[in-house]
Every structure is written in C-alpha cells, then in structure tokens.
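Spelled out from the first residue to the last, the chains are:
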Amino acid sequence: MMAVRSQSTEDFLYALSCCLHELGGVPQALVPDNLKAAVVKTNRYEPEINRALEDFANHYNTTVVPARVRKPKDKALVENQVKLIYSRVYAKLRHMVFFDLSSLNVAIKEKVRDHNQTRMQKKPYCREERFISEEKTHLLPLPVERYQIKYYRELRVAKNNHIYLSEDKHYYSVHFKMIGSKVKVIYTRSMVYIFSKGEQVAVHIRNFHQGGYSTTKDHLCSQHQHYKDRSPEYYRRQAAKKSAILHKLVCCIFEQNRYPEQLYRTCDGLFGLERKTEPTRFEKACQMALDCHNYTYSFVMNVLENKMIEVQSTISEKPLPKHNNLRGKEHYQQLELNYKTNESN
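In short, a report on the structure. (Residues numbered from 1 in each chain as written. Predicted model: local features only at pLDDT ≥ 70, side-chain atom pairs only at ≥ 80, totals over all residues. Heavy atoms only, no water.)

A closer look at the overall build of the protein
Inference 1: The helix and strand inventory of the protein stands at 13 helices and 11 strands.
Inference 2: Taking 2.2 N^0.38 as the reference for a compact globule, 345 residues should give roughly 20 Å; the C-alpha atoms of the protein span a radius of gyration of 38 Å, well beyond that estimate.
Inference 3: The dimensions of the protein, computed from C-alpha atoms along their principal axes, are 135 × 65 × 35 Å.
Inference 4: In the protein, which comprises 345 residues, the share counted as buried stands at 31%.
Inference 5: Expressed as a percentage of contacts within the protein between residues at least 6 apart in sequence, the contacts between residues at least 24 apart total 55%.
Inference 6: Entry remark: accessible area of the protein is about 24600 Å², with carbon and sulfur atoms responsible for 51%.
Inference 7: One way to put it: in the protein the 55 positive side-chain charges average out to a point 6 Å from where the 38 negative ones average out. (Helix = DSSP H or I, 4+ residues; strand = E, 2+ residues; numbered from the N terminus. Rg over C-alpha atoms; globule rule 2.2 N^0.38 Å. Buried < 20%, exposed > 50% of the residue type's maximum accessible area, 1.4 Å probe, protein only. Contact = heavy atoms within 4.5 Å. Areas by Shrake-Rupley, 256 points an atom, 1.4 Å probe, with all protein chains shown as cover. Lys, Arg positive; Asp, Glu negative; His and termini not counted. Charge placed at Lys NZ, Arg CZ, Asp CG, Glu CD.)

Remarks on helix α2 (residues 51–59)
Inference 1: Taken as a whole, α2 has its buried residues at Ala52, Leu53, Asp55, Phe56 and Ala57.
Inference 2: Each element contacted by the buried residues of α2 is listed here: α1 (9–23), β1 (29–30), β3 (48–49), β4 (63–64) and β5 (151–156).
Inference 3: Between a side-chain oxygen at the N-terminus of α2 and the backbone nitrogen of Ala52 the separation is 2.8 Å; the capping residue is Asn50. (Polar contact = N/O pair within 3.5 Å; in protein donor to acceptor, adjacent residues only side chain to side chain.)

Focus on the sheet that holds β5
Inference 1: Read across the open sheet, the 4 strands follow the order β5-β8-β9-β10; overall the sheet is antiparallel. At either end of the open sheet lies a strand with only one pairing partner, and these are β5 and β10 (199–205). Strand-to-strand twist across the sheet, computed as the mean angle between neighbouring axes with direction ignored, equals 25°.
Inference 2: Where strand β8 (residues 182–187) lies against strand β9 (residues 191–196), 4 bridges are found, and the strand directions are antiparallel. Across the sheet, Val185 pairs through a bridge with Ile194, a residue of β9. (Pairing = 2+ DSSP bridges. Axes fitted to C-alpha atoms, helices over the stretch in contact; angles between N-to-C directions.)

A word on the pairing of β8
Inference 1: Across 6 bridges, the pairing between β5 and β8 is antiparallel. The residue of β8 that forms the bridge with Arg153 is Val185.
Inference 2: Linking β8 back to β9 in an antiparallel pair, the connection comprises 3 residues.

Here we look at the nonpolar core
In summary, soluble globular proteins display a tendency toward joint burial of nonpolar side chains.
Inference 1: If you look at the biggest cluster of nonpolar residues, it comprises 27 residues, and the most contacted ones within it are Tyr235, Leu246, Leu249, Val250 and Val300.
Inference 2: Counting residues per element, the ones that place at least two in this core are α7 (232–242), α8 (244–254), α9 (260–276), α10 (279–291) and α11 (297–305).
Inference 3: Among all residues touching Val300, those that are not within four sequence positions of it are Leu249, Leu270, Leu273, Phe282, Ala285 and Ala289.
Inference 4: Core analysis: the second largest hydrophobic core is formed by 16 residues, Ala38, Phe56, Tyr60 and Ile149 among them. (Core = buried A, V, L, I, M, F, W, Y, C linked by side-chain atoms within 4.5 Å.)

A word on the packing of aromatic side chains
Inference 1: With the rule as written, the count across this model stands at 11 aromatic pairs.
Inference 2: Seen in terms of ring centroids, Tyr171 and Tyr213 are 4.5 Å apart; in terms of plane orientation they differ by 10°. Their pairing is stacked. Residue Tyr171 is located in strand β7 (residues 170–173), and its partner Tyr213 is located in strand β11 (residues 213–214); the two are separated by 42 residues in the primary sequence.
Inference 3: Exposure remark for Tyr171: the relative accessible area of 24% places this residue in the partly exposed category. (Phe/Tyr/Trp six-rings, centres within 6.5 Å; stacked < 30°, edge-to-face > 60°.)

Some details on the packing of helix α3 (residues 76–93) against helix α4 (residues 101–116)
Inference 1: Viewed as axis vectors pointing N to C, α3 and α4 meet at an angle of 130°, and their least axial separation amounts to 10 Å. The orientation of α3 with respect to α4, classified from their angle, is oblique. Judged by the twist between their axes, the crossing of α3 over α4 is right-handed. Residues Gln81, Leu84, Ile85, Arg88, Val89, Lys92 and Leu93 of α3 touch α4, and the partners they reach there are Ala107, Ile108, Lys111, Val112 and His115. (Parallel < 35°, antiparallel > 145°, perpendicular 65-115°, else oblique. Left-handed = near helix turned anticlockwise from the far one by under 90°.)

Describing the pattern of salt bridges
A side chain with one charge may pair with a side chain of the opposite charge, provided their charged atoms come close.
Inference 1: Per the counting criterion, the structure on display carries 10 salt bridges.
Inference 2: Between Arg68 and Asp74 there is a salt bridge, with the nearest N and O atoms lying 2.9 Å from each other.
Inference 3: Looking at Arg68, the relative accessible area reads 33%, which means it is partly exposed.
Inference 4: Between Glu274 and Lys242 there is a salt bridge, with the nearest N and O atoms lying 3.8 Å from each other. Of this pair, Glu274 sits in helix α9 while Lys242 sits in helix α7, and the two are 32 residues apart along the sequence.
Inference 5: Note on Glu274: relative accessible area 23%, which makes it partly exposed.
Inference 6: Connected via shared salt-bridge partners are Asp33, Lys75 and Glu79. (Salt bridge = Lys/Arg side-chain N within 4 Å of Asp/Glu carboxyl O.)

Notes on the environment of Thr63
Inference 1: Looking at where Thr63 falls in the secondary structure, it is placed in strand β4.
Inference 2: Separated by 173 residues in sequence, Thr63 and Arg236 have C-alpha atoms that sit 62 Å apart.
Inference 3: Once you skip the residues sitting within four places of it in the chain, Thr63 turns out to touch Gln28, Ala29, Leu30 and Ala57.

Printed below as a string of structure tokens:
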C-alpha cells in the first residue's frame, strides 16, 4: 500500500513498480481493476489494455488480466485486504497530519509491515512468513532497470534536420538524409528515442531547456557542421592562415560588444571577399578599414567596389596655412578661457 498524488497512469504505474520491487520479484499475471489508468475499453473477453500498462508488462515479462466488470470475486483476496487495510492502517493514521507524501508513505509502510507480521487468526503463521515460505519462490526475477513510462509521437524532420518535441519545447537532431520525412518518437522521463521504418536512428538525453537544441555532430551535413564549430577562436585561426592584416581585422571585429552571430556573418563575408579579390587590393582595403576603425563587411566591400584604394593613393595631404588666429589643443584644455583684449583710450 502507498499514497500517490493522483489516479493518473503515471502515478498508477509508479506505485505498481514500487510494489514489484518491494516483493522482490514479478508474478506471472497482474489483475487490476477496470480503472482508466489500466484499461482503455472494458470487454468481457478481450479488454483493451492501456498502452503504457502493456509496455510495463512487457518490461517486467508478465501479463495483464483485468478483472471482469462488476465481478468482485475475480479479486476476492484484494477486496478482503482493502477492508483490513482500512481498519489496520487508515484508521490508525486518520488523526495524524502529514505535510508531504514521503512522510505519509513512511508511516503507511510501518503500519503495513505490522499488519503483515501479525499472526493470522486460526493460523500458526503471519502473512509475511507465508509469502516468504511458499509464494516468493514462484516470482519471476526483476529486470535490471526500473520501468519508465513511454510516450509516443509521430513528428516530421524539419529542414534543419531536427524534430521539435512540443512537450519540452526543445529540438532534437536526426540525420540530415531524413529531412522532410516522418519519424516515430518514443520518449521517457529521461531519454528520447527516434525511429524510422522500425529502426532506431537517433537517441538523446531528454532536455527541458526551452528553445534549445540537442545536436549530434554526425547528424549534420558538412555545411551545418561548419556552423556548429563556429567560435571567435575558429575565425581567428582561419584569418591567420590567410593574411596578417585580415587576422588583425578579425581580432578587432571580436573586440566589439555585438551579437556573436552577427560577427560570425561579418567574418564569413570578409572570407568570401578574400577569395574573390586580388590579395594586394584586399589587404589595402582591410588596412583602410583598420585606419578608419570601421570593422564591417560593407565598408571593405564598398572600398573595393568604388576603387577607393586608387583614389586614396592619388590624394596628397596639404598642410593648413599658418595664421595668427589658430589655436592649439592647450586652448581647449584650460579650465577658464582667457581672452586677450586691446585697451584703447
């Protein structure tokens, strides 16, 4: 006996798994009542079992045989135990106050143990002794892992070769060859399994980060893998292989306080210009961007398209003419402005 939050399928199967592990084995058949968490549609001969309960039975290598509707004799021993539990467990705890389920279940477990270790009337043994001596040996062994309830979805692989699991609001990767196709997704409390035509094609640890991506690198095509590997250090290394001026420009780009994705695109644009432009002209354009402190792709492209490098080389700087009214930087650094005035009588 144990307390759970609700009569949902998840809580029902959790309580059932706790029962089997408490017994230390698995019976050959489970006989539940016709609650919705166990039986989808009742039928005298072939009741429709909840899919989650069917998975549970397959995991523990047992079978489910629901009791017939309005036939309490199918589970007479259970009906009698419910009456005894009310008097020996519930009645003794009804005046106590519990603030969480764990403390309530600890108290329930103590009372159930006392009940099972109490000598039966007209019998020389208690329920626990009877179970250990005659019944436990007939139980099947427990599996290594506990059962986790499975959920099923049919989803389509998006163009970015990820499926979107709306329950987690999270993206999970699939091989890029399956873009546009439908896949079967089975997920548990901790894992996500993806199947295509009966074959498992991907598995991920379940992630509850909303809007995030769980991506396996092997699932990406070469172009997507390049985007996955992007980082400031990656672009610095690539620029250093091309030229020292470009490396210096890329370093200045990442010193700006801007959104990283925008900076990555700027570097991609500069690398594209470098491939299509004569090296000397491209380096002069990068140097011009450094001199003007304008570290953008559009500035370098405009310099190359408008042939501003050639124009700059033809312009010679002309010095300002000397004049008595010219003021230097000292004039603007003084705290109080002192003007010289001519006094005339």
